[in-house]
Amino acid sequence: MPKAVLTTKVDPSYDDLPEERYHFPRTYLKAARAALGDWIVYYEPRRSSAHLSSRGGRQSYFATARIVRVDADPSLADHYYAYVEHYLEFDHPVPFRDDGLFYESRLRKEDGSVNKGMFGRSVRFLPDAEYSMILAAGFEAGTGERERLGREGIRRDPGLMELADRPIIERVSRRPFRDRVFATGIKRAYDNTCAISGLRIINGGGRAEAQAAHIRPVRANGPDSLRNGVALSSTFHWMFDRGLISIDDDYSLLFRRNAVPRNVLSLVNPDGRLRVPEQEIYRPHRRFLEYHREHVFKG
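Since the structure is predicted, the reported quantities are computational estimates derived from the model, not experimental observations.

The helix and strand tally for the protein chain stands at eleven helices and twelve strands. Here the protein chain, with 299 residues, has 47% of them falling under the buried criterion. Within the protein chain, contacts between residues separated by at least 24 positions form 65% of all contacts whose residues are at least 6 apart in sequence. Total accessible area on the protein chain stands at roughly 15,000 Å², and carbon and sulfur atoms take up 47% of it.

All right, on to the pairing of strand E5 (residues 79-95) then. Looking at chain direction, strand E2 (residues 21-25) and E5 are connected through five bridges and run antiparallel. Each residue of the ladder has a partner; that of Tyr22, found in E5, is Ala82. Sheet topology note: the strand E4 (residues 60-72)/E5 ladder contains ten bridges and is antiparallel. Looking across to E5, one finds that Val70 is bridged to Ala82. Counting the residues in the hairpin turn of E4 and E5 gives six residues, including Asp78, whose phi is positive at 60°.

The next point concerns a nonpolar patch on the surface. Taken together, the side chains of Leu199, Ile201 and Leu267 define a hydrophobic patch exposed on the protein surface, amounting to about 260 Å² of accessible area. Since its relative accessible area comes to 43%, Leu267 is described here as partly exposed.

A separate point is the nonpolar core. Ranked by size, the top nonpolar core spans 29 residues in total, and within it Ile186, Ile196, Val230, Leu232, Phe236, Ile247 and Leu274 carry the most contacts. Elements with a minimum of two residues in this core: helix H8 (175-189), strand E9 (211-214), strand E10 (229-232), helix H9 (234-241), strand E11 (245-247) and helix H11 (286-295). Aside from chain neighbours lying at most four places away, what touches Leu232 is Cys194, Ala195, Ile196, Glu209, Ala210, Gln211, Ala213, His237 and Phe240. Within the second largest apolar cluster, 25 residues are counted, among which are Trp39, Val41, Phe96 and Val181.

Turning next to the pattern of salt bridges. Evaluated as defined, the whole model comprises 18 salt bridges. Notably, a salt bridge pairs Glu20 with Arg21, separated by 3.8 Å at the nearest N-O pair. Here Glu20 matches Arg21 in class, with each residue buried. Note that Asp249 and Arg293 form a salt bridge whose closest N and O atoms lie 3.1 Å from each other.

This next bit is on the environment of Leu17. If you trace the backbone, Leu17 turns up in the loop between strand E1 (3-7) and E2. Counting along the chain gives 268 residues from Leu17 to His285, while the straight-line C-alpha distance between them is 9.8 Å. In this structure, Leu17 is in contact with Arg227, His285 and Arg287, ignoring residues within four places of it in sequence.

Below, the discussion takes up the confidence of the model for the protein chain. Of the residues in the protein chain, 87% reach a pLDDT of 70 or more, and the chain-wide mean stands at 88. Scored below 50 in pLDDT, residues 141-165 shows 41 contacts in the model against residues more than four places distant or in partner chains.

A few words now on the packing of aromatic side chains. Applying the stated rule across the entire model yields twelve aromatic pairs. Seen from their ring centres, Phe90 and Phe139 are 5.3 Å apart, and the 85° between their planes marks the pair as edge-to-face. Within this pair, whereas Phe90 is found in strand E5, its partner Phe139 is found in the loop between helix H3 (128-138) and helix H4 (143-149), the two being separated by 49 residues in sequence. Each of the two residues, Phe90 as well as Phe139, counts as buried. Taken together, Tyr22, Phe24, Tyr42, Phe62, Tyr80 and Tyr87 form an aromatic cluster joined through their ring pairs.

Right, let's talk about empty space enclosed by the protein for a bit. For the structure shown, the criterion picks out one cavity of 30 Å³ or more. Lining the largest cavity, in full, are Glu104, Ser105, Arg106, Met118, Arg124, Phe125, Leu126, Pro127 and Glu130. Among the residues forming the lining of the largest cavity, the class breakdown is four nonpolar, one polar and four charged.

Let us look at the environment of Tyr282. Checked against the element boundaries, Tyr282 lands in the loop between helix H10 (262-265) and H11. Given a relative accessible area of 17%, Tyr282 falls into the buried group. It is 8.8 Å that separates the C-alpha atoms of Tyr282 and Gly229, two residues lying 53 residues apart in sequence. Leave out the neighbours within four places in its chain, and Tyr282 touches Arg58, Ala189, Tyr190, Leu226 and Pro277.

Turning next to the pairing of E2. Remark: a regular strand shows side chains that alternate across the two faces of the sheet. Across the five residues that make up E2, a large majority, five, are buried. Every second residue of E2 is oriented toward a common face, with Arg21, His23 and Pro25 on one face and Tyr22 and Phe24 on the other, all of them buried.

Below, the discussion takes up the sheet that holds E2. An order of E2-E5-E4-E3-E1-E8 is seen for the six strands of this open sheet, with the pairing classed as mixed. Two strands lie at the open edges of the sheet, namely E2 and strand E8 (123-126), each paired on one side alone. Between one strand and the next, the sheet's axes are offset by a mean angle of 35°, whatever the strand orientation. Relative to E4, strand E3 (residues 39-44) runs antiparallel, the two being bridged by six bridges. Opposite Val41, over in E4, you have Thr64 as the bridge partner. Those strands touched by H3 are E1, E3, E4, E5 and E8, and its axis lies near 50° from that of E5.

Calculation criteria
Residues numbered from 1 in each chain as written. Predicted model: local features only at pLDDT ≥ 70, side-chain atom pairs only at ≥ 80, totals over all residues. Heavy atoms only, no water. Helix = DSSP H or I, 4+ residues; strand = E, 2+ residues; numbered from the N terminus. Buried < 20%, exposed > 50% of the residue type's maximum accessible area, 1.4 Å probe, protein only. Contact = heavy atoms within 4.5 Å. Areas by Shrake-Rupley, 256 points an atom, 1.4 Å probe, with all protein chains shown as cover. Pairing = 2+ DSSP bridges. Patch = residues over 30% accessible without salt bridge, like charges linked within 9 Å, V, L, I, M, F, W, Y side chains within 5 Å. Salt bridge = Lys/Arg side-chain N within 4 Å of Asp/Glu carboxyl O. Core = buried A, V, L, I, M, F, W, Y, C linked by side-chain atoms within 4.5 Å. pLDDT = per-residue confidence, 0-100. Phe/Tyr/Trp six-rings, centres within 6.5 Å; stacked < 30°, edge-to-face > 60°. 1 Å grid on protein atoms, 1.4 Å probe; cavity = no way out; pocket = protein on both sides within 12 Å on 5 of 7 lines; lining within 4 Å. Points joined across faces, edges and corners; volume = space filled by probe spheres on them. Nonpolar A, V, L, I, M, F, W, Y, C, P; charged D, E, K, R; others polar. Axes fitted to C-alpha atoms, helices over the stretch in contact; angles between N-to-C directions.

This is the structure in structure tokens:
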């Protein structure tokens, strides 16, 4: 089974929710079915929407997942959904081209320029070795091996990176590794600050008091996506997980009546709203907020 690259925009014209599903036309059905059961990486192009003049996309690979099912779209002819599991965002986005190195070799022409025809395909096959290189670059745990092997060594034999980072690939679906990546990403996105109180407390050892909380819980198949997370102090984290606090679509805070002590309420942001990251792509997604209100919140 070949791996694949799936391209999705910040504001997709298709019914994409990368954490759960990828929507595509029949043109890419063969490629999607070929990757069924294997891992993919998501790529965000320069265009942020379907408008030709739109910009703002990161031009980077930003997450990995595994395709588990491909179904026809019941409401739109000749369109399909690829459903995924084990979605995990990288520690940092990986540009498609890094100092002359193309992570997808087929995107590079012999003269070193970009193969725009290949780049225009929204679903592209990805060799195992190139997937490994992207994974190693995307997770901080792989940085040391990448530097040790060197760019020239990788260019000559990409398989070196596959061997060097096999432990990373094997850990992608395991809870300890995923918890570390999720927590690191959430704390960075929220600047180690509790999103409900606005407090940023660093202990004597330099460790932030804020914790990474899933909005849709892992036990309920909540993805390890920054859009399914929020940074909270331990007290607010406990209350959020137990449904005493929730969040509306406009980020207004909701509290269970007579369940939150006044001294705790006094710590809440004065405007009664969640403090969110500046970058919209890291803000809580309404689909996960809705799940929390309907299945966790006891308001």
